[in-house]
Amino acid sequence: RNLSTKETYEEFVLPFIDQVFPVIDTNQDGVLQPAEFAHLYEGFRNPKDQASKVFAKLDTNGDGSLSKEEIYQHFYDFHFSEDRNAAGNAFFGELS
């Protein structure tokens, strides 16, 4: 199904995040720590040495972790933002 509308995005992507987040959140503290994110980032076949740089970009509130709400926003930006510099565009690897 096409994810080009907010409705289909909310129907398919948000439940996916809800299912995957607890698996990635290995210490079950409700947020992703840098090491947890690094495992996810590497799982997308990205270089390990870029994970901390991307994490810092995604940590938009600067608290040193990624909440599920931040992940929701970054996935949304990845799908819908026309801003090439939107933080969500780095989620699956840096744009070249």
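Scroll up to find the structure this text is about.
Report follows, based on the coordinates. Note that the coordinates shown come from a computational prediction; the quantities given were computed from them, not determined experimentally. (Residues numbered from 1 in each chain as written. Predicted model: local features only at pLDDT ≥ 70, side-chain atom pairs only at ≥ 80, totals over all residues. Heavy atoms only, no water.)

## Description of the pattern of salt bridges
And step 1. The tally for this structure, following the rule as stated, stands at two salt bridges.
And step 2. Lys6 is the salt-bridge partner of Glu10, the closest N and O atoms lying 3.8 Å from each other. In this pair, Glu10 and Lys6 both sit in helix 1 (residues 6-24), four residues apart, roughly one turn of the helix. (Salt bridge = Lys/Arg side-chain N within 4 Å of Asp/Glu carboxyl O. Helix = DSSP H or I, 4+ residues; strand = E, 2+ residues; numbered from the N terminus.)

## Describing the nonpolar core
And step 1. Formed by 20 residues in total, the largest nonpolar core has its most connected members in Phe37, Leu58, Leu66, Ile71, Phe75 and Phe91.
And step 2. Of all elements in the fold, only helix 1, helix 2 (34-43), helix 3 (51-58) and helix 4 (68-80) reach the threshold of two or more residues within this core.
And step 3. Here this core gets five residues from one element, more than from any other, and that element is helix 1.
And step 4. If we skip the residues at most four places from it in the chain, Ile71 touches Ile17, Phe21, Leu32, Leu66 and Phe91. (Core = buried A, V, L, I, M, F, W, Y, C linked by side-chain atoms within 4.5 Å. Buried < 20%, exposed > 50% of the residue type's maximum accessible area, 1.4 Å probe, protein only. Contact = heavy atoms within 4.5 Å.)

## Thoughts on unusual backbone geometry
And step 1. Its identity as a non-glycine residue notwithstanding, Gln28 has a phi of 55 degrees, on the positive side.
And step 2. Within the secondary structure layout, Gln28 lies in the loop between helix 1 and strand 1 (31-32).
And step 3. A positive phi is found at Arg45, a non-glycine position, where the angle reads about 65 degrees.
And step 4. Looking at the element boundaries, Arg45 is found in the loop between helix 2 and helix 3.
And step 5. With relative accessibility at 78%, the residue Arg45 sits in the exposed group.

## As for the packing of aromatic side chains
And step 1. Inspection of the entire model under this criterion finds 12 aromatic pairs.
And step 2. On the numbers, 5.6 Å between centres and 80 degrees between planes, the contact of Tyr9 with Phe80 is edge-to-face. With Tyr9 in helix 1 and Phe80 in helix 4, the pair connects residues that are 71 residues apart, well separated along the chain.
And step 3. Under the relative-accessibility criterion, Phe80 is labelled partly exposed at 24%.
And step 4. An aromatic cluster of at least three residues, connected via ring pairs, comprises Phe37, Tyr41, Phe44, Phe55, Phe75, Phe78, Phe91 and Phe92. (Phe/Tyr/Trp six-rings, centres within 6.5 Å; stacked < 30°, edge-to-face > 60°.)

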